[in-house]
Amino acid sequence: MTLSCFDLGERMLSVDEALSALREFVPGPLNSEYIPLSSLLGRVAAEEVASSINVPQQTNAAMDGIALAWPGNDAGHLRWKLVGRVLAGQRYDTAIAHGEAVAITTGAPMPDGTDTVIMNEQLTQYQDSDGVSWVEVARPETVKQGQNVRQAGEDVARGDLALSAGTRLKPQHLGLLASLGIAQVSVYRRPRVTIFSTGDEVNAPGEPLPEAGIYDTNRFALLGLLQRLGCEIIDAGILPDRREAIRAALQTAAGQSDAVVTSGGVSVGEADWIKAALDDFGELGFWRIALRPGRPLAFGLLGERRVPFFGLPGNPVAVVVTFLQFVQPALRRLEGEFKWTPWHLTALAESPLRSRRGRVDYLRGFYRCDDRGQLWVTTTGQQGSGILSSVVAANCLIEIGEESDAVDPGESVLVLPFHDLL
Ligand SMILES: Nc1nc2c(c(=O)[nH]1)N[C@H]1C(S)=C(S)[C@@H](COP(=O)(O)OP(=O)(O)OC[C@H]3O[C@@H](n4cnc5c(N)ncnc54)[C@H](O)[C@@H]3O)O[C@H]1N2
Ligand code: MOO
């Protein structure tokens, strides 16, 4: 079923209703493309990758020392005849007999007939009068058969799944893919997101500030959040509070983007044009959610391509909170990261927390671990939705559910760590 404005109208939604409406409006993902390994960081895999080789390819030495079959010699007579050496990158072709050993370096394949490596620090080497080299083990009682050997395929075996579709690639994934010899992977296309700020009072940083002006905070916070999510960004700047200008900007943005994110102009003030412009060139999905901050969030679909549009409220903290809670999951779906869920912890409140029944409150918090391993959380100063320094001082949001109006010190609360975006 496709939802439309007529289903949700202007009824205030709960946080859960808004999230489930967004799952229908923005199911994702975008199409996919092959990208070389060196440019894959942060991209989301569109295919699963199975290994066509064993990693490591050969059973090999984990230490510099000697390779031999343990014990391989008569008890009490712990010396071995040194018959050759093998370095990493080489292969020792002759099988090693009982009582013989081969000098070996870390990473060199184990010669046939050997199963154990004893490191150089535990060996003494000497030549007898016939010029034959021997090695003796300093503390034979510490040696275990099979020690210091890495088995073929012990990291990734041939046929093993090395990467599943929907995984956002971190440095360790790039290393693992390289170890399999894979040079490119199919990943979902990066969403192209247009952003702009609205408001006659809003001025670009670097310009002089008029007496009743403010600097454009939101566009730069959004830039950072979108960059962290790996989006391509079209920065459309600051628009005046004029319905026609905003309508034209939405129309242009819808033609060249996969999503549009704006801030300001969504409440009920005289100059709040976003919803009106949306009526002209799109369809309102929903408006207003029972949460704080961020209540007037507007969501819609633009033009015939039904491009997702997020009209975030103007207050800077509301921008950050609504981005994290609503824009982020939708964009992650467009990027193909369909297994993503927000990271939740529980912590005990260090101070009383105030909220209101019937809406979800997101307070800016700082959580810490005490010396017994218990998490505690406290708020970071004033909680007004214009106090961006409360976000700077925070390392998490504290979520107080709609069923609760206060949390006493020592009570358990839900904490959403700022993890990878903030
Ligand atoms: N009568 C009502 N008034 C307000 C309501 C309401 O329900 N009824 N809701 C309040 C809430 S909650 C919020 S949040 C704001 C959101 O309003 P808008 O989205 O229309 O935002 P503006 O009015 O344009 O601006 C609000 C505030 O944020 C400042 N702002 C705007 N853009 C930026 C920017 N790019 N960088 C920094 N700061 C920005 C703006 O100057 C205002 O101070 O409405 C409440 N009012
Ligand atoms: O919900 Mo508004 O975001 O607080 O000021």
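Residues numbered from 1 in each chain as written. Chains lettered and ligands numbered in written order. Predicted model: local features only at pLDDT ≥ 70, side-chain atom pairs only at ≥ 80, totals over all residues.

- As recorded in an unreviewed UniProt entry, the protein goes by Molybdopterin molybdenumtransferase and comes from Aidingimonas halophila.
- The annotation that UniProt attaches to the protein under Cofactor (unreviewed entry) is "Mg(2+)".
- UniProt annotates the protein under Sequence similarities (unreviewed entry) with the comment "Belongs to the MoeA family." (UniProt positions renumbered as here; feature names shortened; annotations may be inferred.)

A word on the site of ligand 1
Step number 1: Residues in contact with ligand 1 amount to 26 residues; listed here are only the nearest, Asn218, Gly264, Ser267, Pro313 and Gly314.
Step number 2: For the shell around ligand 1, the secondary-structure elements that each account for two or more residues are helix H4 (218-228) and helix H7 (316-334). (Near = placed C-beta within 6 Å. Helix = DSSP H or I, 4+ residues; strand = E, 2+ residues; numbered from the N terminus.)

Examining the sheet that holds strand E20 (residues 298-302)
Step number 1: Strand order in the open sheet formed by six strands is E16-E13-E17-E21-E20-E18, and the pairing between neighbours is mixed. In the strand order of this sheet, the two ends are held by strand E16 (232-239) and strand E18 (282-287), each with one partner. Direction aside, the axes of adjacent strands within the sheet are offset by 20 degrees on average.
Step number 2: Sheet topology places strand E13 (residues 192-198) next to E16; six bridges connect them, and they run parallel. Residue Arg192 lies in a different strand from E16, and its bridge partner there is Glu232.
Step number 3: Seen against the sheet, helix H2 (residues 15-25) touches E18, E20 and strand E21 (307-312) and runs at an angle of roughly 155 degrees to E18. (Pairing = 2+ DSSP bridges. Axes fitted to C-alpha atoms, helices over the stretch in contact; angles between N-to-C directions. Contact = placed C-beta atoms within 7 Å.)

Points about the site of ligand 2
Step number 1: Near ligand 2 the following residues occur: Arg292, Pro293, Gly294, Arg295, Pro313, Asn315, Ala318 and Ser385.
Step number 2: Across the shell around ligand 2, the residue classes break down as three nonpolar, three polar and two charged. (Nonpolar A, V, L, I, M, F, W, Y, C, P; charged D, E, K, R; others polar.)

Comments concerning the sheet that holds strand E9 (residues 133-137)
Step number 1: Here we have six strands laid out as an open sheet, ordered E7-E4-E6-E5-E9-E8, and mixed in their pairing. Strands at the two margins of the open sheet, each flanked by one partner only, are strand E7 (116-119) and strand E8 (123-127). With strand direction ignored, the average angle separating the axes of adjacent strands in the sheet is 40 degrees.
Step number 2: Note: strand E4 (residues 65-68) against strand E6 (residues 100-104), three bridges, orientation antiparallel. Bridged to Ile66 within E6 is Ala103.

Notes on H2
Step number 1: Those residues of H2 that sit buried are Ala18, Leu22 and Phe25. Considered in projection along H2, the buried side chains sweep an arc of 65 degrees and stay on one side of the axis. Turned more than 90 degrees from where H2 packs its buried face, Asp16 and Glu24 sit exposed.
Step number 2: Those residues of H2 that are buried are in contact with E18, E20, E21 and H7. (Buried ≥ 20, exposed ≤ 12 C-beta atoms within 10 Å, placed from the backbone. Arc of directions from axis to C-beta.)

Brief notes about the confidence of the model for the protein
Step number 1: For the protein, the mean per-residue pLDDT works out to 93, and 96% of the residues sit at or above 70.
Step number 2: The low-confidence segment residues 1-6, where pLDDT is below 50, has nine contacts with residues more than four positions distant or belonging to other chains.
Step number 3: With pTM at 0.91, the complex prediction returns an ipTM value of 0.97. (pLDDT = per-residue confidence, 0-100.)

Concerning the pairing of E8
Step number 1: The element E8 is largely exposed, with a buried count of zero among its five residues.
Step number 2: Both E8 and E9 contribute to a ladder of five bridges, which runs antiparallel. Within the sheet, the bridge partner assigned to Gln127 lies in E9 and is Ser133.
Step number 3: Hairpin geometry of E8 and E9 is characterised by an intervening segment of five residues between the two adjacent antiparallel strands and by a positive phi of about 80 degrees at Gly131.

Description of the pairing of E9
Along any regular strand, the residues point their side chains to alternate faces of the sheet.
Step number 1: Strand direction decides the pairing type here: strand E5 (residues 79-86) and E9, joined by three bridges, are antiparallel. Considered in E9, the bridge of Lys81 is made with Trp134.

Concerning the domain arrangement of the protein
Step number 1: Taken domain by domain, the protein consists of domain 1 (5-30 + 190-334), domain 2 (35-53 + 156-188), domain 3 (60-150) and domain 4 (345-417).
Step number 2: Computed over C-alpha atoms, the centres of domain 2 and domain 4 are 38 Å apart. (Domains from an automatic or database assignment.)

So, the nonpolar core
Step number 1: Judged by nonpolar contacts, the single largest core of 69 residues is most densely connected at Val260, Val261, Ile398 and Val413.
Step number 2: Looking at which element gives the most residues to this core, the answer is H7, with 12 residues.
Step number 3: When residues of this core are assigned to domains, at least three map to each of domain 1 (5-30 + 190-334) and domain 4 (345-417).
Step number 4: Leu68, Ala103, Ile104 and Ile118 belong to the second-largest nonpolar core, a separate cluster that totals 19 residues. (Core = buried A, V, L, I, M, F, W, Y, C linked by C-beta atoms within 7 Å.)

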